[in-house]
2 protein chains.
Amino acid sequence: MKNALSGAATLLAALTLSTTAFAKEPIQPIAPVQQLNLAQSELGKKLYFDPRLSKSGFISCNSCHNLSMGGTDNLKTSIGHNWQQGPINAPTVLNSSLNIAQFWDGRAADLQEQAGGPIANPGEMAFTHSLAIDVLESIPQYVTEFQQVFGTDQIKIEQVTEAIAEFEKTLVTPNSRFDQWLLGDKNALSADELSGYQLFKDSGCAACHNGEAVGGNSFQKMGVVEAYQAKSPAEGLSAVTGKDSDRFKFKVPTLRNVEMTYPYFHDGEAETLAEAVDVMGRLQLGRKFSPTENDQIVAFLKTLTGDQPQFQLPILPPSTDQTPQPKPFE
Amino acid sequence: MKNALSGAATLLAALTLSTTAFAKEPIQPIAPVQQLNLAQSELGKKLYFDPRLSKSGFISCNSCHNLSMGGTDNLKTSIGHNWQQGPINAPTVLNSSLNIAQFWDGRAADLQEQAGGPIANPGEMAFTHSLAIDVLESIPQYVTEFQQVFGTDQIKIEQVTEAIAEFEKTLVTPNSRFDQWLLGDKNALSADELSGYQLFKDSGCAACHNGEAVGGNSFQKMGVVEAYQAKSPAEGLSAVTGKDSDRFKFKVPTLRNVEMTYPYFHDGEAETLAEAVDVMGRLQLGRKFSPTENDQIVAFLKTLTGDQPQFQLPILPPSTDQTPQPKPFE
């Protein structure tokens, strides 16, 4: 009995310590999905994988935010309709529900608003919302599923984007080794990884890369101490606010699963994590990390890879004789 | 006891009847996968979904043989590297293990030989086998998995294609309503669907579209009674055999899941099943189906949709700093 009580006391002490330690950290563990409209999310999953939302019938949300590859395309900038080269690096969809806003320049307030963008962007899916609705309306299984989920007879683009956004809310990645450490498993990280985390905090990375998503919650200027030699014309937040002071401010990207979301920065110019850490250190913090320090920070960053979304590949309802044909080569 | 025996006798009689009926049919039910190297198939599934087997890093096997869409891209002809327009309609990968040979002209003897084709085809994935191996060799998780599966230290293209082929063997679609009917469930088909099947047999469709895959087991000339007015330059089997008598002979496509594998024919010129049935009737059989007959045959064809492959979307191992970069825009 004494041993049991003593064990309980030790456990309590450990839990208290863990909670205290956790409260002091700038990063919080990713919470699993707490609330979900499952029917809406299942519909959204189909739409996310459906290339018939593009003019060509070839490009779906998953083409550039590939859930087999960290929710990105792992390309410097994306490939759009007719193989057009996109202007910016595709940010990961993983944990994007935690972002303060969507797109690098934050021009969409939330996931639902974001989802409508690429469908109608001539350089991406090159479709129109109205044509996308025509396609969906021609497919009885979609019509029925929208009726079940939204209780209305006519499919609206707001329902399409709402369902996609609901699916995207499921794309969180809890249970990374770093989160296991945060939650009390002190053996989850190696000494090098812990040193990297300490450096990450001490040198100021965590000033912007913090919170549940280790980023995604503020806009910051790219090139604070030293100017960034951008090859891309993207100017970031100023394109949205019109303020000169917002030039080159971009949404701080999440570092969750950063091992999988290469290449880095809004222009995809940094091919490796080592390069990204080096550039960030010099330009944002005025600090040149030694090779050992760089290695340690990279080692820490790789502990942020969480459980990837696990789900069955959706089977899409077939088109009918009434479905408008895709136009890949027009 | 008497009732039980009488019930058993009835069941036996029904089974005998069913087996007899079944033996007389030109179509046999699809058998589920009987034998599989699971580790190889799981590796092959990753490779099937991995766009890093293409020059651009954007096109995977699943891009044109999309397992969400009946194992095809549902385009007249496919989109290749740099948005090149392919010369031929992408045949479904579903049940392709049952084919007599692969590709419309049968130029690959089996699935393994087929799998190497698109990777190195400049108009498709535009890569080389050697570069594909370089990519895989740079990714430790792949190296380990190949070691486990093949017991060798160095990845070879023959292993890549063997693994992909093993995965493709899993892509059979048993349990269609038609197979349920073949297996004895006489309520599985409606009167119209049964009439369509009777017409399908009586008018000669089943002469070529027979067996487990309802096709896929012979090469036949496109345009027997009446010439096919082809817009595509594809000449079929003669390109492989060099024989003039093989001009315009193509592998008879499977009709399994044909509801999902639109558009139809090697050139994708028939947009609907009704059109395909009409053209086939006139050109191959010299028979003009009435609208009712056409409807009935189409109704029968839609009963050939089987259980689609069910599996988790694979998560791909990330590239490393040593991985050669994709070159989408070169």
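Residues numbered from 1 in each chain as written. Chains lettered and ligands numbered in written order. Predicted model: local features only at pLDDT ≥ 70, side-chain atom pairs only at ≥ 80, totals over all residues. Heavy atoms only, no water.

- Per an unreviewed UniProt entry, chain A is named Cytochrome C biogenesis protein CcsA, and its organism is Motiliproteus coralliicola.
- In its Subcellular location (unreviewed entry) section, the UniProt entry covering chain A states "Periplasm". (UniProt positions renumbered as here; feature names shortened; annotations may be inferred.)

### Some remarks on the relation of the copies chain B and chain A
Then comes step 1: Its rotation angle being 180 degrees, the transformation that places chain B on chain A also includes 0.0 Å of axial translation and leaves an RMSD of 0.0 Å. Such a turn and shift between the copies fits a two-fold axis. No C-alpha of chain B lies nearer the rotation axis than that of Gln312 of chain B, which sits 2.0 Å from it.
Then comes step 2: Here 100% of the interface residues in chain B have copies in chain A that are interface residues too; the copies meet face to matching face. (Least-squares fit on C-alpha atoms with pLDDT ≥ 70 in both. Contact = heavy atoms within 4.5 Å.)

### Focus: helix 4 (residues 111-120) of chain B
Then comes step 1: Along helix 4 of chain B, the positions that sit buried rather than exposed are Leu111, Gln114, Ala115, Gly116, Pro118 and Ile119 of chain B.
Then comes step 2: Turning to helix 4 of chain B, the residues buried within the fold contact helix 5 (129-137) and helix 7 (157-168) of chain B. (Buried < 20%, exposed > 50% of the residue type's maximum accessible area, 1.4 Å probe, protein only. Helix = DSSP H or I, 4+ residues; strand = E, 2+ residues; numbered from the N terminus.)

### Examining empty space enclosed by the protein
Then comes step 1: Overall, the coordinates contain two cavities of 30 Å³ or more when judged by the stated rule.
Then comes step 2: In this structure, the largest cavity is lined by 23 residues; those nearest its centre are Ser60, Asn62 and Ser63 of chain A together with Asn62 and Ser63 of chain B.
Then comes step 3: Put simply, the parts of the chain that give the lining of the largest cavity at least two residues each are helix 3 (61-64) of chain A together with helix 3 (61-64) of chain B.
Then comes step 4: Here the residues of the lining of the largest cavity are counted per class, giving 10 nonpolar, 11 polar and two charged.
Then comes step 5: Empty space within the second largest cavity amounts to approximately 50 Å³.
Then comes step 6: Lining the second largest cavity, in full, are Ser68, Met69, Gly70, Asn74, Met260 and Tyr262 of chain A together with Arg52, Leu316, Pro317 and Pro318 of chain B. (1 Å grid on protein atoms, 1.4 Å probe; cavity = no way out; pocket = protein on both sides within 12 Å on 5 of 7 lines; lining within 4 Å. Points joined across faces, edges and corners; volume = space filled by probe spheres on them. Nonpolar A, V, L, I, M, F, W, Y, C, P; charged D, E, K, R; others polar.)

### Looking at the layout of surface pockets
Then comes step 1: Size it by volume and the largest pocket reaches roughly 910 Å³.
Then comes step 2: Taken together, the elements giving at least two residues each to the lining of the largest pocket come down to helix 5 (129-137) and helix 6 (140-150) of chain A together with helix 11 (273-285) and helix 12 (291-301) of chain B.
Then comes step 3: Broken down by element, the residue count for the lining of the largest pocket peaks at three residues, all from helix 12 of chain B.
Then comes step 4: By residue class, the composition of the lining of the largest pocket is 20 nonpolar, 15 polar and 11 charged.

### Side note on the environment of Gly211 of chain B
Residue and element names in this part refer to chain B.
Then comes step 1: Residue placement: Gly211 occurs in the loop between helix 9 (191-202) and strand 1 (219-221).
Then comes step 2: Judged by relative accessible area, which is 11%, Gly211 ranks as buried.
Then comes step 3: Taking the C-alpha atoms as reference points, Gly211 and Glu275, separated by 64 residues in sequence, lie 24 Å from one another.
Then comes step 4: If we skip the residues at most four places from it in the chain, Gly211 touches Pro26, Ile27, Gln28 and Asn217.

### Points about the packing of aromatic side chains
Then comes step 1: Per the counting criterion, the structure on display carries 29 aromatic pairs over all chains.
Then comes step 2: Here Phe146 of chain A and Phe150 of chain A contribute two aromatic rings whose centre-to-centre distance is 6.0 Å and whose plane-to-plane angle is 20 degrees, an arrangement assigned as stacked. Remark: Phe150 of chain A and Phe146 of chain A occur in helix 6; sequence separation between them is four residues, near one turn of the helix.
Then comes step 3: The class for Phe146 of chain A is buried, based on a relative accessible area of 1%.
Then comes step 4: Look at Phe150 of chain A and you get buried, because its relative accessible area is 19%.
Then comes step 5: The positively charged end of Arg107 of chain B is found above the aromatic ring belonging to Phe103 of chain B, 3.7 Å away from the centroid.
Then comes step 6: The ring of Trp181 of chain B has Lys186 of chain B sitting right over it, with the charged end atom 4.1 Å from the ring centre. (Phe/Tyr/Trp six-rings, centres within 6.5 Å; stacked < 30°, edge-to-face > 60°. Lys NZ or Arg CZ within 6 Å of the ring centre and 35° of its normal.)

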